[in-house]
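Notes for the structure review
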Amino acid sequence: MATLAVPSGFVDLRTGALQGQQPAQLSHRELAVLRYLAQRPHQIVDRHVLQTEVLGLAAAMRTRIVDKVIMTLREKVEADRTDPVCILTVHGEGYKWVPPAWDLLPALRQLEPNAFVGRGAEVEAVLELLQRPHVVTLTGPGGVGKTRLSRQVASRWEVQSGADVYVCDLTLAHGPSELAPMVAAALSVPSGEPEQIGAALAARGATLLVLDNFEHLQGAEALVRQWWRGAAELRILVTSRSALSLDCERVVPIAPLPLDEAVELLCRRAEERGGEVAADDDARQLVQVLEGLPLAVELAASQASMWSAAQAVRMLQSRGLLDLGRAAGGPPRHASLRATLDWSWSLLPVEQRHTLAVLSVFQGGICPELAAEVVQAVLPRGSSLIDIGALCSSSWIQSSSTSRGRRLHLLQHVHRYATERLADAGLVQRAQRAHGECLARLAAARVEEQQGPRAMEARDELLVELGNLRVACTRAIQRGDPEVMAPTGLAAVLVMHHRGMVEAALQLSEGMVETRGAGPEPLAMAWYARACAQLIADPDEARGSFERAARLAQQTDLRDIHVNAVRLVGRLQPTLDEGVRILLRALDAAERPVHEGMIQCELAVMAASREDWHEAHRWLDLAMRHLPQGPPAWRALARSHRAYVYLCQGRLPEAEATYHEAIEQLEQAGDLVNVLVARKCLGMVKAEGQDFEAARALFAELVEPLRRLGSRSRLASVLVHLAHAMVGVGELSRAQELLEESVALQVEPSPEDLQLWRTTQATVRAHQGASIE
């Protein structure tokens, strides 16, 4: 990770800078020891190991340098060096690092007493519907508790059925095209293609898929129907402000809590927060004022130690907020929720108000470490961890456990309210900049890791933070901040490219290259991102963008971008000789073995195009020596190149077996685009072996994914190969339609595709002539 949480603040693990109430700079030795210990949490590290392996001192040297480094390190990172809580001494053995006790804070633990209250009839009704495969939609206004109810139903159903449950929060979805990638992430399906998701759901049997906050995805209802129909035992539970209007849908309207259940919720939550509310007439009047909205009741209960129910009613009514909201013509429930938010806000300490307001700059789930870092940067005098914990305890912030650890959430109404308060405090620019700088550091570190063996883990972390990366980049573009725009935008585009989110990647990258005041380095990153976004839909445009990125990167220290951009320029060259020349030049410039390996893979493909089989396999053998330390996707791609050489040689059994291995590895690595390319080549193997039925099936599966990706060149090529397979199975009229469609795409075909088009067209015409005769 780029930063490490310590009791006194946060340490930048690259520079040794300590941010906190008393900023400091760690020495080279202090930083080396801290890194070594932090990489081995709870492990005892012998002091002689620190002396020899970390500090590079001779084993025979009798010195107290290690002890002195530990002492000065504690002075900087511990809140009290005389009572350390992270760098502990294990007498007679050495030292160990104990991470800050995040889970001891209310912000970072699931509050188990916060049990589900009421809704018994609704829960049973939904569970009854889920006895059979249905699409069940919970509808109702914001703040009524649809999300909490869906989680309760999912938990009950999982226990009763013993089957798997997958929850997908769609709050950050920007449009219907993003449903599939977000569901793929929830299911841990590498490919974001709807067909692959459908196949995964069908294979998992009696599964429950929860789609939360679906109102953001109007227009994606047909995809839900498609998945449900393709999986015989699939149940889908949706929360939305309105129904999806599907023929397979069962709608369950969710109303505010009945009076008795609302009173029970008030009393239960007050008790959990250390307060006490009696279930009397005053409590009943209070929940009536709050109109039974669970969110409003939760917020009111969190302050129960400070007021009685009667006092709360008087305070709400004396402010006139309810009447004011109704007079403005808004829905009554909006007025009651707004009044509760205003009242609860007024009871918060100033530090907690500012902390909550600052957290509104995040979009969707929030990593607790990033949250504390951003708050600390904006409010350096505050205690961000304690404030976050208190806000979680008072229901302003939600906390949940995920496969990647704790995540914090602001409900939509709370997020909008906190955003308003951030503006009132005049902290918008400062908070957005701190958020952007924090995400920029994370993005830069994870993009760097995508060049190595941790590529999949790094990409997964960027995928989790995609919403924050996108908003950080967009804000940086708007304020003309290229230093934040470049790393956050590049990271977001790379993730979206691999997940098949082409439209979103193109839109973001277009703004990146137009950012005001950008120098060569951020512009090189912006044009590289732009080229990656264009690569699927328009390879010719991508080549020009890669050329521009390479020229800019050459003026800077961005050697990875320079080499990768030149490599892709060589691959996209229309002439073979020019492509080889550019790749050899890139090979000379490459400094990382993994980059040498990828360039050698490209050279192998070009050698195969010249039918120089010995040279092709020589390049691939060299590549495989360089790629073991590279990203898994690159190793899988090298295997796909090997299969292509076998195909060109006519070694069909070896090509087929190698393509199957490559496709499996590419899917595991989440490389959607190269999965499609490898499947097309596998279809070519089948066609070469005269298995036209299998070839037709493989090519047909690629048509819709390529249409959605907007890849006209790849689509045109697949249509030609599909037409050829159609001729092989005797469907001549369909073959003619496919040939005409490929021409209508107005894409210049490769020489091989052009020859196949002519051969297929001649065969169709010959058969048509024979039929006429």
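Residues numbered from 1 in each chain as written. Predicted model: local features only at pLDDT ≥ 70, side-chain atom pairs only at ≥ 80, totals over all residues. Heavy atoms only, no water.

Topic: the packing of aromatic side chains
We count it as follows: Any two rings among Phe, Tyr and Trp, with Trp reduced to its six-membered ring, count as a pair given centres within 6.5 Å; such a pair is stacked if its planes are under 30 degrees apart, edge-to-face if over 60, and tilted if neither. Note on conventions: DSSP H or I runs of at least 4 residues are helices, E runs of at least 2 residues are strands, and numbering of each starts at the N terminus. Residue burial is assigned from relative accessible area. The probe radius is 1.4 Å, only protein chains are included, and a residue is buried under 20% of its type maximum, exposed over 50%, and partly exposed in between. In this scheme, Lys NZ or Arg CZ marks a charge over a ring once it lies within 6 Å of the ring centre and within 35 degrees of the ring normal.
Under the defined criterion, the tally for this structure stands at four aromatic pairs. Centroid distance Trp 345 to Trp 396: 6.3 Å. Interplanar angle 75 degrees. Geometry classified as edge-to-face. Here Trp 345 is found in helix α14 (residues 332-347), whereas its partner Trp 396 is found in the loop between α17 (384-393) and β13 (398-402), with 51 residues between them in sequence. Residues Trp 345 and Trp 396 agree in their burial class; the two are buried. Overall, Trp 396 belongs to the buried group, its relative accessible area being 0%. Lying over the aromatic face of Trp 634, Arg 567 brings its terminal NZ or CZ to 5.9 Å of the ring centre. When the ring centre of Trp 619 is taken as reference, the NZ or CZ atom of Arg 618 above it lies at 4.6 Å.

Let's talk about the environment of Leu 427
Operational definition: Only heavy atoms matter for contacts: two residues are in contact if any of them lie within 4.5 Å across the pair.
Residue placement: Leu 427 occurs in the loop between α18 (412-424) and α19 (428-449). Residue Leu 427 is classed as buried on the basis of its relative accessible area of 8%. For the pair Leu 427 and Gln 507, spaced 80 residues apart in the sequence, the C-alpha separation amounts to 28 Å. Beyond its immediate chain neighbours, meaning those up to four positions away, Leu 427 contacts Val 378, Leu 379 and Leu 422.

Details of the sheet that holds strand β11 (residues 235-240)
Stated formally: Here, strands pair whenever DSSP counts at least two bridges between them. A fitted line through C-alpha atoms represents every axis, and for helices the fit uses only the stretch in contact; the resulting angles, taken between N-to-C directions, go from 0 to 180 degrees.
Here five strands make up an open sheet; going across it, the order is β9-β10-β11-β8-β12 and the pairing parallel. Every other strand in the sheet has two partners, leaving β9 (165-169) and β12 (249-253) as the edge strands with one partner each. On average, adjacent strands in this sheet sit at an angle of 15 degrees to one another, irrespective of strand direction. Where strand β10 (residues 208-212) and β11 come together, four bridges link them in parallel fashion.

Some remarks on the environment of Val 153
Turning to its location among the elements, Val 153 is positioned in helix α5 (residues 146-161). Since its relative accessible area comes to 0%, Val 153 is described here as buried. Along the backbone, Val 153 and Leu 130 are 23 residues apart, and their C-alpha atoms lie at a distance of 9.6 Å. Sequence-distant contacts of Val 153, defined by excluding residues within four places in its chain, comprise Val 123, Val 126, Leu 127, Leu 130 and Leu 237.

Here's the deal with the packing of helix α25 (residues 539-554) against helix α26 (residues 559-571)
Geometry of a packed helix pair, given as the angle between the helix axes and the separation of the axes. Definition in use: Should an angle fall under 35 degrees it is called roughly parallel, over 145 degrees roughly antiparallel, and 65 to 115 degrees roughly perpendicular, with every other angle called oblique. Less than a right angle of anticlockwise turn of the near helix away from the far helix marks a crossing as left-handed, whereas a clockwise turn marks it as right-handed.
Between α25 and α26, whose axes approach to 8 Å, the crossing angle comes to 150 degrees. In terms of their interaxial angle, α25 and α26 are classed as roughly antiparallel. As for how α25 packs across α26, the hand of that crossing is left-handed. For the pair formed by α25 and α26, the contact residues are Arg 543, Phe 546, Glu 547, Ala 549, Ala 550, Ala 553 and Gln 554 on the first element and Ile 561, His 562, Ala 565, Val 566, Leu 568 and Val 569 on the second.

Examining the sheet that holds strand β5 (residues 45-46)
In space, the three strands of this open sheet follow the order β5-β7-β6, with antiparallel pairing throughout. With one partner strand each, in any of the chains shown, β5 and β6 (87-90) form the two edges of the open sheet. Here four bridges tie β6 to strand β7 (residues 94-97), and the two strands are oriented antiparallel to one another. Among the inter-strand pairings, Ile 87 is bridged to a residue of β7, identified as Trp 97. Across the sheet, helix α1 (residues 28-38) touches β5, β6 and β7, and the angle it forms with β7 is around 70 degrees.

Examining the packing of helix α32 (residues 672-688) against helix α34 (residues 712-728)
Convention followed: Note that Gly is not counted as nonpolar here; it falls among the polar residues with everything else outside the nonpolar set of Ala, Val, Leu, Ile, Met, Phe, Trp, Tyr, Cys and Pro and the charged set of Asp, Glu, Lys and Arg.
Axis separation between α32 and α34 bottoms out at 11 Å; the angle between their running directions is 20 degrees. Comparing their axes, α34 and α32 come out roughly parallel. The two elements α32 and α34 cross, and the hand of that crossing is left-handed. Along the contact surface, α32 presents Val 673, Val 677, Lys 680, Met 684 and Ala 687, while α34 presents Arg 714, Ser 717, Val 718, His 721 and His 724. Residue classes in the contact of α32 with α34 are distributed as five nonpolar, three polar and two charged.

Points about the pairing of β11
Counting buried positions along β11 yields six of six residues, so the element is predominantly enclosed. Because side chains alternate across β11, one face comprises the buried residues Arg 235, Leu 237 and Thr 239, and the other comprises Ile 236, Val 238 and Ser 240, equally buried. The pairing of strand β8 (residues 135-139) with β11 spans five bridges and is parallel. Of the residues in β11, the one forming a bridge with Thr 139 is Ser 240.

Brief notes about the confidence of the model for the protein
Using the following cut-off: Every residue carries a pLDDT, the predictor's confidence in it, which falls somewhere between 0 and 100.
Here the protein shows a mean pLDDT of 82. Residues at 70 or above account for 90%. Mean pLDDT across the elements of the protein bottoms out in helix α13 (residues 321-327) (40) and peaks in helix α21 (residues 466-479) (93). For residues 102-113, every residue scores under 50 in pLDDT, and the model assigns this stretch 34 contacts once sequence neighbours within four places are set aside. This model gives residues 320-332 a pLDDT under 50, and the stretch forms 13 contacts once residues within four places in sequence are excluded.

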